[in-house]
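Topology and contacts: notes
Chain by chain, the residues:
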Amino acid sequence: MGFNDYNNDFLSYQGTISRKNYAINMLILAALYIVISLVRFDVLLQFITFKFLFSILMFMVGLVKFVILMSALSVVYRRFADISKFKTYNFNINMKRLFVFLFVLPVLYLFCIRYFLDFMPFLINILDLVTFFVLMPLGLITALVLCFIKGN
């Protein structure tokens, strides 16, 4: 099997990915994220005598979640690239805009921008509503639909 037949890079934004590999990779990443989210690390707090070690552990858990999220973004981007590979230039540009609008902006808002807007709580409330009730459901639906759209 060549590199193009079975593309399994989780942190690469280059190349394309087939429907089967996309579905498998997304299931793996979603399962990892859900399992890490369901583990209660606060139980370890009573066994750890140094609170600093617990804060390092929680930082590492957050970092692993972030890496999983970036891996999911790379898999979705490569699926968008597979769909728009031999299409027109306008279709390719529109797919990239859709990717940025539905996937990159919510992640960027939740991990970066939200903390800088702390002095405007009314704006945070509005952006939270838009992110959680519009962009994230549309992104999840789009990620599911990408499993069924035939690429090249």
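The text that follows walks through the structure, step by step, so that each part is easy to find. (Residues numbered from 1 in each chain as written. Predicted model: local features only at pLDDT ≥ 70, side-chain atom pairs only at ≥ 80, totals over all residues. Heavy atoms only, no water.)

What follows is about the packing of aromatic side chains. The description of two aromatic rings rests on the distance between their centres and on the angle between their planes. Under the counting rule described, the total for this entry stands at six aromatic pairs. On the numbers, 6.1 Å between centres and 65° between planes, the contact of Phe80 with Phe103 is edge-to-face. Of this pair, Phe80 sits in helix H2 (residues 51-83) while Phe103 sits in helix H3 (residues 89-116); the two residues are 23 residues apart in sequence, bridging distant segments of the chain. Take Phe80 and Phe103: they sit in the same class, and that class is buried. A connected cluster of aromatic rings, assembled from ring pairs, spans Tyr13, Tyr77, Phe80, Phe99 and Phe103. Above the face of the Tyr33 ring, Lys65 is positioned so that its terminal group lies 5.8 Å from the ring centre. (Phe/Tyr/Trp six-rings, centres within 6.5 Å; stacked < 30°, edge-to-face > 60°. Helix = DSSP H or I, 4+ residues; strand = E, 2+ residues; numbered from the N terminus. Buried < 20%, exposed > 50% of the residue type's maximum accessible area, 1.4 Å probe, protein only. Lys NZ or Arg CZ within 6 Å of the ring centre and 35° of its normal.)

A few words now on the side chain of Asn21. Following the sequence through the fold, Asn21 ends up in helix H1 (residues 19-38). A distance of 3.2 Å separates a polar atom in the side chain of Asn21 from a polar atom in the side chain of Ser18. (Polar contact = N/O pair within 3.5 Å; in protein donor to acceptor, adjacent residues only side chain to side chain.)

Together, Leu11, Phe50, Phe52, Leu53, Ile56, Phe59, Met60, Leu63 and Val67 make up an exposed nonpolar region whose accessible area comes to about 920 Å². Within the secondary structure layout, Phe52 lies in helix H2. (Patch = residues over 30% accessible without salt bridge, like charges linked within 9 Å, V, L, I, M, F, W, Y side chains within 5 Å. Areas by Shrake-Rupley, 256 points an atom, 1.4 Å probe, with all protein chains shown as cover. Salt bridge = Lys/Arg side-chain N within 4 Å of Asp/Glu carboxyl O.)

This model, assessed by the stated rule, comprises three salt bridges. Note that Arg40 is salt-bridged to Asp42, the shortest N-O span being 3.3 Å. Note that Asp82 is salt-bridged to Arg79, the shortest N-O span being 2.4 Å. Highlighted residues: Asp82 and Arg79, both in helix H2, separated by three residues, approximately one helical turn. Assigned by exposure class, Asp82 and Arg79 land together as buried.

Its volume calculated, the largest pocket comes out at about 870 Å³. Surrounding the largest pocket, 28 residues form its lining, Met26, Leu69, Ala72, Met136 and Leu140 being those nearest its centre. Of all the elements in the fold, those that place two or more residues in the lining of the largest pocket are H1, H2, H3 and helix H4 (121-145). Tallied by class, the residues present in the lining of the largest pocket amount to 27 nonpolar, one polar and no charged. (1 Å grid on protein atoms, 1.4 Å probe; cavity = no way out; pocket = protein on both sides within 12 Å on 5 of 7 lines; lining within 4 Å. Points joined across faces, edges and corners; volume = space filled by probe spheres on them. Nonpolar A, V, L, I, M, F, W, Y, C, P; charged D, E, K, R; others polar.)

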